[in-house]
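Examination of the molecular architecture
Spelled out from the first residue to the last, the chains are:
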Amino acid sequence: MTIRLITTKVKTALSIAAQRCMLTVAALSVCTTIGAQDGIDSTATMSPTVYTRSYMVGTGPVRLLDTYLSQEHFKGSGFTFLSTSEKRKGQRWFTMTEHQADISYTHDRSDNFNDISGIYKFYCGRLREWNKLYPGLTLRAGVMGMATLGFIYNTTAGNNPAQALAALQIMPTLGASYRFAAWGKPMMLRYEAQLPLAGLIFSPQYGQSYYEIFSKGDYDHNIVPTTMVAYPSFRQLITLDVGLCKHVSMRIGYLGDYEQSDVNSIKHHIYSHRIMIGVVKSFQLIKHKP
């Protein structure tokens with residue numbers, strides 16, 4: 001009886017030990033599987049691409065001179081649409097593109113002559129950010145390319161009533177932004193400036209008609225290389241973002257675009273000032289490897 005009792009207890013103990021070993025092995029297997037899945041997920045998930053997009057409209061005064069059409073200075077008002085997109089993958093470098101469309105209506109001092117102008121500008125470039133210099137402060141610098149297409153139409157001119165505008169420019173770009181909070185709202189004050197360094201501009205010679213250029217093929221130095229001396233222009237944008245919700249902000253600001261050139265004996269400038277308002281939205285895309 002004693003031997004049987006001992007044998008029974010030993011079998012019971014071995015059975016309990018076997019069950020515990022099986023539970024332990026099962027738990028370890030589950031943990032290993034979860035860990036492996038986490039490892040696969042972390043490997044498969046790539047760093048997110050963050051997009052920041054803004055859409056703004058604005059209006060304000062404009063001053064215009066183009067001696068190909070008239071020796072008079074014109075002034076009036078205009079309307080601007082500005083779309084900005086920033087694409088970043090990481091914390092240092094990002095790609096920025098901008099679309100800017102301007103329409104203005106101006107008149108001379110005697111209000112006898114009127115100019116209508118329409119200009120589209122496309123900006124694209126790469127910039128780098130520095131955000132560890134001071135809490136909330138971010139500095140940025142880079143190079144952007146600008147392509148311009150447009151026209152100026154004088155409603156009362158004679159033989160040459162219109163002037164075509166076309167240019168390609170390389171523009172160093174500088175900027176800074178500062179994040180802070182006020183009245184319980186997250187805010188960001190931002191400044192951006194661009195200065196053309198070199199490029200190409202289309203311009204007829206003074207007195208040369210477009211019929212001579214395009215119909216007769218009389219090319220006369222109409223594609224002109226430019227530097228800051230012949231194309232001393234400047235563009236700046238000052239904005240304030242006020243957070244509305246987590247990823248959406250309202251943006252208000254000032255856009256100053258001062259474009260001028262002096263090529264082929266033709267002086268040209270358009271100085272525009274715009275009070276801008278719009279909205280900013282940020283979102284991110286996370287890609288997974290198959």
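None of these values were measured; they are calculated from a predicted model.

Looking now at the overall build of the chain. Scanning the chain from terminus to terminus reveals two helices and 12 strands. Ordered by position from the N terminus, the helices and strands of the chain form the series α-β-β-β-β-β-β-β-β-α-β-β-β-β. Summarising the internal contacts of the chain: among those between residues at least 6 apart in sequence, 64% fall at separations of at least 24.

So, on to the side chain of Ser 54. Take Ser 54: it is sitting in strand 1 (residues 49-66). Classification of Ser 54 by relative accessible area gives buried; the value is 2%. Among the polar contacts listed, one links the side chain of Ser 54 to the side chain of Arg 251, at a separation of 3.4 Å. Discounting residues that sit within four places of it in the chain, Ser 54 has contacts with Leu 82, Ser 83, Thr 84, Arg 251, Val 279 and Val 280.

In this section: the pairing of strand 3 (residues 93-107). By the bridge criterion, 14 bridges tie strand 2 (residues 74-88) to strand 3 in an arrangement that is antiparallel. When the sheet's bridge partners are listed, Phe 81 is paired in strand 3 with Ala 101. The antiparallel pairing of strand 2 with strand 3 creates a hairpin that spans four residues between the two strands, and Gly 90 there sits at a positive phi of about 120°. Sheet topology note: the strand 3/strand 4 (residues 114-134) ladder contains 15 bridges and is antiparallel.

This part takes up the environment of Leu 139. Following the sequence through the fold, Leu 139 ends up in strand 5 (residues 137-154). Judged by relative accessible area, Leu 139 falls into the partly exposed class, the value being 30%. Taking C-alpha positions, Leu 139 is 6.0 Å from Gly 175, a pair spaced 36 residues apart along the chain.

Tracing the chain through its elements places Arg 274 in strand 12 (residues 266-285). Separated by 194 residues in sequence, Arg 274 and Thr 80 place their C-alpha atoms 7.4 Å apart. In this structure the side chain of Arg 274 is engaged in a polar contact, spanning 3.2 Å, whose partner is the backbone oxygen of Gly 60.

In this section: the environment of Gly 125. As for its placement among the helices and strands, Gly 125 is situated in strand 4. Gly 125 sits in the buried class, given a relative accessible area of 9%. Here the alpha-carbon distance between Gly 125 and Ile 170, two residues 45 residues apart in the chain, equals 9.5 Å.

The backbone phi angle of Asp 111 is positive, close to 60°, even though this residue is not glycine. The topology assignment puts Asp 111 in the loop between strand 3 and strand 4. Of note in the backbone geometry, His 221 takes a positive phi value of approximately 55° without being a glycine. Position of His 221 relative to the elements: it lies in the loop between helix 2 (210-215) and strand 9 (223-227).

With that settled, consider the packing of aromatic side chains. By the definition in use, this model includes seven aromatic pairs. When the centroid spacing of 6.1 Å and the interplanar angle of 40° are considered together, the rings of Phe 202 and Tyr 210 count as tilted. Assigned by exposure class, Phe 202 and Tyr 210 land together as buried. When the centroid spacing of 6.1 Å and the interplanar angle of 15° are considered together, the rings of Phe 234 and Tyr 258 count as stacked. Taken together, the residues Phe 234 in strand 10 (residues 234-243) and Tyr 258 in strand 11 (residues 248-263) connect sequence positions 24 residues apart.

This part covers the confidence of the model for the chain. Do not read the predicted coordinates in detail wherever pLDDT is low. Taken residue by residue, the chain gives an average pLDDT of 85. The fraction at 70 or more is 82%. Note on residues 21-44: pLDDT under 50 across the span, and four contacts to partners over four residues away in sequence or across chains.

Parameters and conventions
- Residues numbered from 1 in each chain as written.
- Predicted model: local features only at pLDDT ≥ 70, side-chain atom pairs only at ≥ 80, totals over all residues.
- Heavy atoms only, no water.
- Helix = DSSP H or I, 4+ residues; strand = E, 2+ residues; numbered from the N terminus.
- Contact = heavy atoms within 4.5 Å.
- Buried < 20%, exposed > 50% of the residue type's maximum accessible area, 1.4 Å probe, protein only.
- Polar contact = N/O pair within 3.5 Å; in protein donor to acceptor, adjacent residues only side chain to side chain.
- Pairing = 2+ DSSP bridges.
- Phe/Tyr/Trp six-rings, centres within 6.5 Å; stacked < 30°, edge-to-face > 60°.
- pLDDT = per-residue confidence, 0-100.

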